[in-house]
Amino acid sequence: MTDRPPVPPFDRDAALTKVQAAEDAWNTRDPERVAGAYTADSAWRNRDTFITGREQIVAFLTAKWQRELDYALRKNLWSFTADRIAVRFQYESHDASGQWWRSYGNELWEFDQHGLMRRREASINDLAIEESQRLYHWQLGRRPDDHPGLSELGL
């Protein structure tokens, strides 16, 4: 098995690196790329949906990004231990009707010894917003380096 650095045990710098890597991957909207960061039998709870394994992760993310258009995500490290990381996040997207949404919440991650995520618990809330209220304007891929963090945005 190939390691996916950084690997546990995490220190602050390693945890920050892991969070940024996750944000960058999810902002590509590439289900295969995202699924590669998880163990083959990874267990997820995403809202009220329970997912097991990379195949289900890819299917879930494919459907997600067909519904959540122009998706842009921001994650921040909340806390960490040797093999666990907690993040808070916000993302914005719009649906097919043009309604913009800001979705926000918390994720709890647990990693194996190779640095792959074996468990992901996501609690997410959605808020309808006007397009003029958007905070995240990059289109695809990594957010601009100078974009403020959630705390800097007062969130």
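Read on for a plain summary of the structure. Because the structure is a prediction, the values reported are computed rather than measured. (Residues numbered from 1 in each chain as written. Predicted model: local features only at pLDDT ≥ 70, side-chain atom pairs only at ≥ 80, totals over all residues. Heavy atoms only, no water.)

What follows concerns the sheet that holds strand 1 (residues 38-46). Ordered in space as 2-1-6-5-4-3, the 6 strands form an open sheet in which the pairing is mixed. Since the sheet does not close on itself, it has two edges, and those belong to strand 2 (49-52) and strand 3 (69-80), each with one partner. The average angle at which neighbouring strand axes cross in this sheet is 20°, direction not considered. Contacting strand 1, strand 3, strand 4 (84-94), strand 5 (100-111) and strand 6 (117-129), helix 1 (residues 12-28) crosses the sheet at an angle of about 170° to strand 3. Along the sheet, helix 3 (residues 54-67) makes contact with strand 1, strand 2, strand 3 and strand 4, crossing strand 1 at roughly 50°. (Pairing = 2+ DSSP bridges. Helix = DSSP H or I, 4+ residues; strand = E, 2+ residues; numbered from the N terminus. Axes fitted to C-alpha atoms, helices over the stretch in contact; angles between N-to-C directions. Contact = heavy atoms within 4.5 Å.)

In terms of nonpolar packing, the biggest core is built from 29 residues, with W26, W44, L61, I85 and W109 touching the most fellow members. Looking at this core, the elements that each hand over two or more residues are helix 1, helix 2 (31-35), strand 1, helix 3, strand 3, strand 4, strand 5 and strand 6. For this core, the leading source of residues is helix 1, giving 6 residues. Those residues in contact with I85 that lie beyond four places of it in its chain are F10, A15, K18, V19, L77, S79, F80, E107, L108, W109 and F111. (Core = buried A, V, L, I, M, F, W, Y, C linked by side-chain atoms within 4.5 Å. Buried < 20%, exposed > 50% of the residue type's maximum accessible area, 1.4 Å probe, protein only.)

As a further point, take unusual backbone geometry. The residue after P5, namely P6, is reached through a cis peptide bond having omega -5°. Note that P6 resides in the segment before helix 1. Here P8 and P9 are connected by a cis peptide whose omega angle stands at 0°. Relative to the helices and strands, P9 resides in the segment before helix 1. Despite not being glycine, R29 has its phi angle at roughly 60°, a positive value. Despite not being glycine, R47 has its phi angle at roughly 60°, a positive value.

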